[in-house]
Amino acid sequence: SFYIGSTIDSLGVKDLSILTNEAAINVNGNFNFSDLRNGFQGWLHQYYPSLIPLPSNVPKNQNFNFSVSTKRIEPFLHLIDRDIRGLDNSNISGRLNNNTSELVVNIDAPFFEYKGINLSNTNIKATGSEQSLALSGTIDNLRLNDSIGFPGVKLMVNTNSDTTQLQLTTFS
């Protein structure tokens, strides 16, 4: 099944819901639907300007919350990139406010794999401003290949203008 619902309250606050058998997506706040991609791309450009181009139209006055809850979406991810596996039964939520320069993203994913690197029971929190992006989280098991793996990973990442500091701590 597939459902799309949208409302705008008397203050102009929008609520967009997309529900399918595979995922539930909700965006609530002040945003222009056609500018959502450019909004996120503009934020990522601040952290990696040499890798991510600045969109031609950077939206203003975006202030919204978002959430994505998945069920069985792995077959659909293969339409984007055949090397992606997992992300079934995952939750991604957060908020973006370009008026106060705030980005928050929370990720809870039981399993994710990309090009043979897999992560199980991943919990990540990211907070960003105009200047920097900080990620912290835990991964129950990080496997780089069949013979190299790291149990109980604590992850800390700080990014600022194409420079990233990465700290991985493992424990068992």
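Keep in mind that this is a model prediction, so the values were computed, not measured.

> Please set out the overall build of the protein residue by residue, giving values where relevant.
The helix and strand tally for the protein stands at 2 helices and 11 strands. Along its sequence from the N terminus, the protein presents helices and strands in the succession β-β-β-α-β-α-β-β-β-β-β-β-β. Relative to the 2.2 N^0.38 estimate, which gives 16 Å for 172 residues, the radius of gyration of the protein is 17 Å and therefore close to what a compact globule would have. In terms of overall dimensions, the protein has C-alpha extents of about 55 × 40 × 25 Å along its principal axes.

> Would you mind going over the pairing of strand β6 (residues 91-97) in detail, with residue names and values included?
As judged from the 7 bridges shared by strand β4 (residues 63-70) and β6, these two strands associate in the antiparallel manner. Its bridge partner lying in β6, Phe66 is registered against Gly94. Pairing geometry for β6 and strand β7 (residues 102-114), over 7 bridges, is antiparallel. Paired with Ser93 across the two strands is Asn106, which belongs to β7.

> Hey, could you go over the pairing of β7 for me, with residue numbers and the actual values?
Bridge analysis of strand β5 (residues 84-86) against β7 gives 3 bridges, and the strand direction is antiparallel. Bridge pairing in β7 places Arg85 opposite Glu113. Linkage of β6 to β7, two consecutive antiparallel strands, is achieved through a turn of 4 residues, within which Ser101 is found at a positive phi near 55°. Hairpin remark: β7 followed by strand β8 (residues 117-128), antiparallel, with 2 residues in the connecting loop; positive phi at Lys115, about 50°.

> Tell me what's going on with the environment of Phe33, and back it up with residues and numbers.
Assignment of secondary structure puts Phe33 in the loop between β3 (23-30) and α1 (36-47). Between the C-alpha atoms of Phe33 and Glu113, which are 80 residues apart in sequence, the distance is 29 Å.

> Run through the packing of aromatic side chains, naming residues and quoting values.
Applying the stated criterion across every chain yields a total of 5 aromatic pairs. Relative to Phe64, the ring of Phe31 lies with its centre 5.9 Å away and its plane at 65°, an arrangement referred to as edge-to-face. On the criterion of sequence distance, the pair formed by Phe31 in the loop between β3 and α1 and Phe64 in strand β4 is long-range, its members being 33 residues apart. Each member of the pair, Phe31 as well as Phe64, carries the same accessibility label: buried. With 6.4 Å between their ring centres and 55° between their planes, Phe64 and Phe66 make a pair best called tilted. Overall, Phe64 belongs to the buried group, its relative accessible area being 2%.

> Could you give me a rundown of the pattern of salt bridges, with the residues and numbers involved?
Applying the stated criterion to the full structure yields 4 salt bridges. With a shortest N-O distance of 3.2 Å, Arg72 and Asp88 are connected by a salt bridge. Of this pair, Arg72 sits in the loop between β4 and α2 (74-77) while Asp88 sits in the loop between β5 and β6, and the two are 16 residues apart along the sequence. Residues joined by salt bridges that share partners form a network here, namely Glu74, Arg85 and Glu113.

> Tell me about the environment of Ser34, and please be specific about residues and values.
With respect to the helices, strands and loops of the structure, Ser34 is situated in the loop between β3 and α1. Looking at Ser34, the relative accessible area reads 56%, which means it is exposed. In this structure the C-alpha to C-alpha distance between Ser34 and Leu87, which are 53 residues apart in sequence, comes to 25 Å. Looking at Ser34, its side chain comes within polar contact range of the side chain of Asn32, at 3.0 Å.

Calculation rules
- Residues numbered from 1 in each chain as written.
- Predicted model: local features only at pLDDT ≥ 70, side-chain atom pairs only at ≥ 80, totals over all residues.
- Heavy atoms only, no water.
- Helix = DSSP H or I, 4+ residues; strand = E, 2+ residues; numbered from the N terminus.
- Rg over C-alpha atoms; globule rule 2.2 N^0.38 Å.
- Pairing = 2+ DSSP bridges.
- Phe/Tyr/Trp six-rings, centres within 6.5 Å; stacked < 30°, edge-to-face > 60°.
- Buried < 20%, exposed > 50% of the residue type's maximum accessible area, 1.4 Å probe, protein only.
- Salt bridge = Lys/Arg side-chain N within 4 Å of Asp/Glu carboxyl O.
- Polar contact = N/O pair within 3.5 Å; in protein donor to acceptor, adjacent residues only side chain to side chain.

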